[in-house]
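Listed here are the chains, written in short residue letters.
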Amino acid sequence: IHEHVSPDPLSSLSVDTQGLQKQFDELASFSDSPAPSVTRILYSENDVLGRRYIKNLMSLSGLSVREDAIGNIFGRWNGDEPELAAVSTGSHTDAIPYSGKYDGVLGVLGAIEAINVLKRSGFKPKRPLEVIMFTSEEPTRFGISCLGSRLMAGIKEHAELLKNTVDNQNISFFDAAKAAGYSNVENLSSAFLNKGSYSAFVELHIEQGPILEEEAIPIGVVTAIAAPASIKVDFEGNGGHAGAALMPTRNDAGLAAAELALAVEKHVLDSGSIDTVGTVGILDLHPGAINSIPSKSHLEIDTRDIDEKRRNTVVEKIHQSALSISNKRRVMLSQFKIINQDPPASSEEFIIKAAESSARELNLPYKKMISRAYHDSLFMARISPMAMIFVPCYKGYSHKPEEYASPEAITDGVKVLALTLAKLSTQ
Ligand code: HGY
Ligand code: MN
Ligand code: MN
Ligand code: MN
């Protein structure tokens, strides 16, 4: 077996920057919202078009493509020792409503291009290299984030939750998956992977924060991912006529929701750390008429912290506030459901080192940093050593149409990913 050497970094890594730009634009065209925004929701028609697009690119790169029961897509390049655990990389291509075209997509298109870069350089891997497109990282349709990587990580409670979850059109997860062509979706446990399936997992992603751009540093090496939690809350009151019902007789579910939203902000700000964040991104009122007192309200709360205990304290305080608001306003707290309350994840030292030396060999300054956004890497960390590579994005904008990463930033990120994969696949 000939010597497995990583390609000479500076001479032989060439990225097809123009071709990659075209791919970002083509994939962004599969969207339920008008350009420059992107909306691509799990198992929607545009999601299916996006999946077909990615599978085609994987085949064009000579990868052997397979999909699991819920549509996680795997593109594999077998090395000289195919029985060894593979080095994997990847991300997601689903996009929340009215968002951008780089979140997640960079880690899928960029990973396929990193394979092309290594092939162009004449590199031959010892371990197999595998590109993964996770079926859905965003919680948009069924309220569960990272549902593809959670299942691969074998998280049974979310597999159970999926069995009777419906979207806001009352379509079940199973029916939506079958409509998208995944007829075997009910066999959720077939998506569980064993620990040791991969020797390493590396995800390339835009920073979704302003630090790298502000400090003019082209590469971020992620050392840890913050701990996310999400909660669904429903209040119910008697509703009634906005004119005839006098204030003392009311138990307004809308005001209960408003008070809880402000309580989320208060508990987060009182945590004692700038690293604690909280958001009420969904707040629905029923019946939603100007002259009808809300008889129901539905809130979805997202709160995170790099410190798990501090995050859990905030979740507990939010629960206490929901109970006290329900008493004080005489509304029923008909639902307080913690959808997920995940631990943070730390990156693996040997992968961090491989990414650092790759950046150095490419003469690219880099910065070690935490990820405040969650990623599929958070769950891949349960079954594989993990790390992430960040590239700067314009003003740190993300989850909105102004999201942007320059061709140079993307090219640098793909080169560091390619060299890191080469190093890991010869170890
Ligand atoms: O919300 C997140 O952190 C991820 O970008 N979906
Ligand atoms: Mn060989
Ligand atoms: Mn996102
Ligand atoms: Mn993402």
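As a reminder, the structure under discussion sits directly above these lines.
Residues numbered from 1 in each chain as written. Chains lettered and ligands numbered in written order. Predicted model: local features only at pLDDT ≥ 70, side-chain atom pairs only at ≥ 80, totals over all residues. Heavy atoms only, no water.

Q: What exactly am I supposed to notice about the overall build of the protein chain here?
A: A tally of helices and strands in the protein chain yields 13 helices and 17 strands. Radius of gyration (C-alpha) of the protein chain: 23 Å, near the 22 Å computed for a compact globule of 427 residues. Counting the 427 residues in the protein chain, one finds 57% classified as buried. Taking as baseline every contact in the protein chain between residues at least 6 positions apart, the subset at least 24 positions apart corresponds to 80%. With the model as given, the accessible surface of the protein chain reaches about 17,400 Å², and the carbon-plus-sulfur share is 53%. One finds the centroid of the 42 positive side-chain charges in the protein chain at a distance of 3 Å from the centroid of its 53 negative side-chain charges. (Helix = DSSP H or I, 4+ residues; strand = E, 2+ residues; numbered from the N terminus. Rg over C-alpha atoms; globule rule 2.2 N^0.38 Å. Buried < 20%, exposed > 50% of the residue type's maximum accessible area, 1.4 Å probe, protein only. Contact = heavy atoms within 4.5 Å. Areas by Shrake-Rupley, 256 points an atom, 1.4 Å probe, with all protein chains shown as cover. Lys, Arg positive; Asp, Glu negative; His and termini not counted. Charge placed at Lys NZ, Arg CZ, Asp CG, Glu CD.)

Q: Which parts of the structure should I look at to understand the side chain of Thr426?
A: With respect to the helices and strands, Thr426 occurs in the segment after helix H13 (407–425). Within polar-contact distance, the side chain of Thr426 engages the backbone oxygen of Lys423 at 2.9 Å. (Polar contact = N/O pair within 3.5 Å; in protein donor to acceptor, adjacent residues only side chain to side chain.)

Q: Honestly, the coordination of the manganese ion (ligand 4) in this entry has me stumped. Any pointers?
A: For a metal with four tetrahedral donors the ideal donor-metal-donor angle is 109.5 degrees, while six octahedral donors give ideal angles of 90 or 180 degrees. Bound to the manganese ion (ligand 4) on the protein side are His92 (NE2), Asp103 (OD) and His205 (NE2), at distances that span 2.1 to 2.4 Å. Read from N- to C-terminus, the donor residues coordinating the manganese ion (ligand 4) fall into the pattern H-x10-D-x101-H. Between the manganese ion (ligand 4) and the manganese ion (ligand 3) the interatomic distance comes to 3.6 Å, and Asp103 is a ligand of both metals. Here His92 is found in strand S4 (residues 86–92), whereas its partner His205 is found in strand S7 (residues 198–206), with 113 residues between them in sequence. Accessibility assignment for this pair places His92 and His205 in one class, buried. (Donors = N, O, S within 2.8 Å, 3.2 Å for Na, K, Ca; no water.)

Q: Help me understand the packing of helix H9 (residues 253–269) against helix H10 (residues 308–328), please; the structure alone is not making it clear to me.
A: The packing of two helices is summarised by the inter-axis angle and the distance between the axes. Where H9 meets H10, the closest approach of the two axes is 9 Å, and the angle between their N-to-C directions is 150°. Classified by the angle their axes make, H9 and H10 are roughly antiparallel. The hand of the H9/H10 crossing is right-handed. Between H9, through Ala256, Glu259, Leu260, Ala263, Val264, His267 and Val268, and H10, the contact on the second element is made entirely by Val314, Lys317, Ile318, Ser321, Ala322, Ile325 and Lys328. Of the residues contributing to the contact of H9 with H10, the split by class is nine nonpolar, two polar and three charged. (Axes fitted to C-alpha atoms, helices over the stretch in contact; angles between N-to-C directions. Parallel < 35°, antiparallel > 145°, perpendicular 65-115°, else oblique. Left-handed = near helix turned anticlockwise from the far one by under 90°. Nonpolar A, V, L, I, M, F, W, Y, C, P; charged D, E, K, R; others polar.)

Q: Even after reading the chapter, I still don't get the state of the cysteines, so can you show me in this structure?
A: Each disulfide is one covalent bond, formed between the sulfur atoms of two cysteines. Across all of its chains, the model carries zero disulfides by this definition. Cys393 provides the cysteine sulfur closest to Cys146, a residue in no disulfide bond, and the two sulfurs are 18 Å apart. (Disulfide = S-S within 2.5 Å.)

Q: I tried to follow helix H11 (residues 349–361) on my own but got confused; where do I start?
A: Structural remark: α-helix, 3.6 residues per turn; residues separated by three or four positions point the same way. The terminal C-alpha atoms of H11, which comprises 13 residues, lie 18 Å apart, in line with the 18 Å expected from a rise of 1.5 Å per residue. Burial in H11 covers these residues: Ile351, Ile352, Ala354, Ala355, Glu356, Ser357, Ser358 and Ala359. Along its buried surface, H11 packs onto S7, strand S8 (219–225), strand S16 (366–371), strand S17 (386–391) and H13. Residue Asn363 follows H11 closely and has a positive phi angle near 55°. (Expected span 1.5 Å × (residues − 1).)

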